[in-house]
Amino acid sequence: MKQRTKEIIILWSKRVAGTITIVIWIFAIAKISQIEVPFEQQAGYCMFSTMMIFASLTGIFKILEYFEKKSN
């Protein structure tokens, strides 16, 4: 595969991963806000889910950056 093609695939993979992550995060926050518990308990769920979702995105980006550097 050509170098430019690899770069484009990695770039679009990052964009798609970021978009999917934002959609999942919004969905998770919306579901958590519908739980009938006090806000103090919802805040913990929100923080944990946010940390886990964006940690996954960070991992995906690190893997894609590894492949990007490897292909250069």
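Residues numbered from 1 in each chain as written. Predicted model: local features only at pLDDT ≥ 70, side-chain atom pairs only at ≥ 80, totals over all residues. Heavy atoms only, no water.

*Asks:* So what about the overall build of the protein chain? Which residues, and what values?
*Replies:* When its secondary structure is counted, the protein chain shows 2 helices and 0 strands. Over its C-alpha atoms, taken along the principal directions, the protein chain stretches across nearly 55 × 15 × 10 Å. Across the 72 residues that make up the protein chain, the buried fraction comes to 18%. Long-range pairs, those at least 24 residues apart, make up 71% of the contacts in the protein chain between residues at least 6 apart in sequence. A gap of 15 Å separates the mean positions of the 9 positive and 5 negative side-chain charges of the protein chain. (Helix = DSSP H or I, 4+ residues; strand = E, 2+ residues; numbered from the N terminus. Buried < 20%, exposed > 50% of the residue type's maximum accessible area, 1.4 Å probe, protein only. Contact = heavy atoms within 4.5 Å. Lys, Arg positive; Asp, Glu negative; His and termini not counted. Charge placed at Lys NZ, Arg CZ, Asp CG, Glu CD.)

*Asks:* Explain helix α2 (residues 39-71) residue by residue, including any values.
*Replies:* With 33 residues, α2 extends 47 Å between its outermost C-alpha atoms, agreeing within 8% with the 48 Å of an ideal straight helix rising 1.5 Å per residue. Residues of α2 that are buried include every one of Gln42, Ser49, Ile53, Leu57, Leu64 and Ser71, and no others. Residues of α2 that are buried sit in contact with α1 (3-33). (Expected span 1.5 Å × (residues − 1).)

*Asks:* Which residues make up the packing of aromatic side chains, and what values go with them?
*Replies:* Enumeration over the complete set of coordinates arrives at 2 aromatic pairs. Taken together, a centroid distance of 5.8 Å and an interplanar angle of 65° make the contact between Trp25 and Phe54 edge-to-face. You can see Trp25 sitting in helix α1 and its partner Phe54 sitting in helix α2, a full 29 residues away along the chain. Each ring, one from Tyr66 and one from Phe67, has its centre 5.5 Å from the other, and the planes form 65°; the classification is edge-to-face. On the basis of relative accessibility, which here comes to 41%, the residue Phe67 falls in the partly exposed class. Residue placement shows Arg15 over the ring face of Trp12; its charged tip is 4.6 Å from the ring centre. (Phe/Tyr/Trp six-rings, centres within 6.5 Å; stacked < 30°, edge-to-face > 60°. Lys NZ or Arg CZ within 6 Å of the ring centre and 35° of its normal.)

*Asks:* Before we move on, could you go through α1 and cite the residues and values that matter?
*Replies:* Helix length check: α1 (31 residues) gives 45 Å between terminal C-alpha atoms against 45 Å at 1.5 Å per residue, within 8%. Buried within α1 are the following residues: Ile10, Lys14, Ala17, Gly18, Thr21, Ala28 and Ile32.

*Asks:* Give a detailed account of the packing of α1 against α2, specifying residues and quantitative values.
*Replies:* Across the interface, α1 lies against α2 with an axial gap of 10 Å and an inter-helix angle of 175°. Our classification of the angle between α1 and α2 gives roughly antiparallel. Of the residues contributing to the contact of α1 with α2, the split by class is 17 nonpolar, 9 polar and 4 charged. (Axes fitted to C-alpha atoms, helices over the stretch in contact; angles between N-to-C directions. Parallel < 35°, antiparallel > 145°, perpendicular 65-115°, else oblique. Nonpolar A, V, L, I, M, F, W, Y, C, P; charged D, E, K, R; others polar.)

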